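# Residue-level structure breakdown
In case you want the letters, here they are:
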Amino acid sequence: MYTIQRILLFCSVWYCTDGSGVENTSTRKLRARDLGIPFDGTPGKYNAITDVDNVQVGFRTIIEGDSIRTGVTAIFPRGSNIPATEQRCFANWFSLNGNGEMTGIHLLTESGFLTTPIIITNTNSVGIGYTSALKWIYQQNKTSLANVGDLGLPIVAETWDGYLNNFREFPIKEEHVFEALNNAKQSSSYVEEGNVGGGTGMINFGYKAGTGTSSRIVVGLNYTVGVLLQANFGRKHQLIIAGVPVGQELLDIETNASSVPDKDAGSIIVILATDAPLLPHQLKRMATRVSLGIGKLGGIGADSSGDIFLAFSTANITNKSSTTKVAEFLSNDLINPLFDAAIQCVEEAIINSLIAAETMVGFGGIRVASISHENVIKILKKYNRLNDSTH
């Protein structure tokens, strides 16, 4: 029997109220498991961040002419149908390398709470993402928000899509952010991957990538961990899949797949959700473990990379009296399975972003090829690391 401990939170602190296998959808893109790539752990029904109850994800993808390749991703930690004042949940963050931006994290650190939807977009659109998210929230909550203190500060994160997208045009507008948020309200639990939302113009390990997601059921504790990420980092030779030096092998096979420089010039944003009852300092530990999932694939947290991660818990905090709130939390000595789940989710979500993405030609005629499914299968077979049940 595992142990949950209970604490009292005084009124000066903000508070919030609230498978056995992966579901196959005939219309969805291929994912890493469809190729037979092996992973540890038990995924949730959708193998997505939305396996954590009430989490919703929306996208607005913008592909215009021959030079605009960008978009917006929106995440609601507690769903979109409850007032903003009830969205609050324990959260924390970690930076593996800080050459990037995530707004609102100083208040998040001070208070211990995530209070708004999360926006992920491109580097030059953080400002419009921030002001548009605030405006959307105010419009949706006209009667429940008395002042900015009722809301907090929006979380807006970015990665750079400047190879494929003409970021100098500032193509993202207020309506695009609104559409991503509204699309989340209407979304299903199936989450798109690859060239979608904020991930539209992103490149990972030298291949077209973008948005990826994955989840794990923490067997024995009956909790769920899920991640959604925007992958835009790494050089081709660094790529490791299932312990195999796939990137090095691909360099020996391929001729001229892409026209982007071979340098580690990107970033990765990871949003981790769980229904496990964790306090902010424990969520900091979860966010830190994201780094290990990136490292398993060959990522190094390069100098020019903005590798910033946020973890939140949707576990309930309840009223005890007019001055105190009550929150349960998992004992530290039982948290290791959650660390495992976090690492596994990140590893798989990054590979899903690669497998789902499609070759793209963008700004200035730059072409970024998708990773060859056929070659990945061939290489994993060579090392006897392919899941034979799919082949």
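Residues numbered from 1 in each chain as written. Predicted model: local features only at pLDDT ≥ 70, side-chain atom pairs only at ≥ 80, totals over all residues. Heavy atoms only, no water.

If you check an unreviewed UniProt entry, the protein chain appears there as Aminopeptidase from Rotaria magnacalcarata.

### Focus on helix α7 (residues 373-382)
By the burial criterion, the buried members of α7 are N375, V376, I377, I379 and L380. Summarising the contacts, the buried residues of α7 are in contact with α4 (246-253). Of the residues trailing α7, N384 is marked for its positive phi of about 55 degrees. (Buried < 20%, exposed > 50% of the residue type's maximum accessible area, 1.4 Å probe, protein only. Helix = DSSP H or I, 4+ residues; strand = E, 2+ residues; numbered from the N terminus. Contact = heavy atoms within 4.5 Å.)

### Focus on the sheet that holds strand β10 (residues 211-218)
One open sheet accounts for six strands, arranged β5-β4-β13-β12-β11-β10; its pairing is mixed. Unpaired on one side and paired on the other, β5 (113-114) and β10 mark the two borders of the sheet. As paired elements, strand β11 (residues 223-232) and strand β12 (residues 267-274) share eight bridges and run antiparallel to each other. By the bridge assignment, A231 is partnered in β12 with I268. Against the sheet, helix α5 (residues 280-296) makes contact with β4 (89-98), β11, β12 and β13 (306-313), and its axis sits at roughly 35 degrees relative to β4, the strand it touches most. Packed on one face of the sheet, helix α6 (residues 336-356) meets β10, β11 and β12 and runs near 150 degrees to β10. (Pairing = 2+ DSSP bridges. Axes fitted to C-alpha atoms, helices over the stretch in contact; angles between N-to-C directions.)

### Notes on the pairing of β13
The buried fraction of β13 amounts to eight of the eight residues, a majority that puts the element mostly inside the structure. Judged by which residues are buried, β13 turns out to be covered on both faces: G306, I308, L310 and F312 on one side and D307, F309, A311 and S313 on the other are all buried. Sheet topology note: the β4/β13 ladder contains seven bridges and is antiparallel. Note that in β13 the partner of A91 across the bridge is F312. Here β12 runs beside β13; their pairing, made up of seven bridges, is parallel.

### Details of the pattern of salt bridges
By the definition in use, this model includes eight salt bridges. Between R33 and E348 there is a salt bridge, with its nearest N and O atoms 2.6 Å apart. Residue R33 is found in the loop between β1 (4-10) and β2 (56-64), and its partner E348 is found in helix α6; the two are separated by 315 residues along the sequence. The salt bridge partner of K135 is E174, with a shortest N-O separation of 3.4 Å. Of this pair, K135 sits in helix α2 (residues 126-140) while E174 sits in helix α3 (residues 174-185); the two residues are 39 residues apart in sequence, bridging distant segments of the chain. (Salt bridge = Lys/Arg side-chain N within 4 Å of Asp/Glu carboxyl O.)

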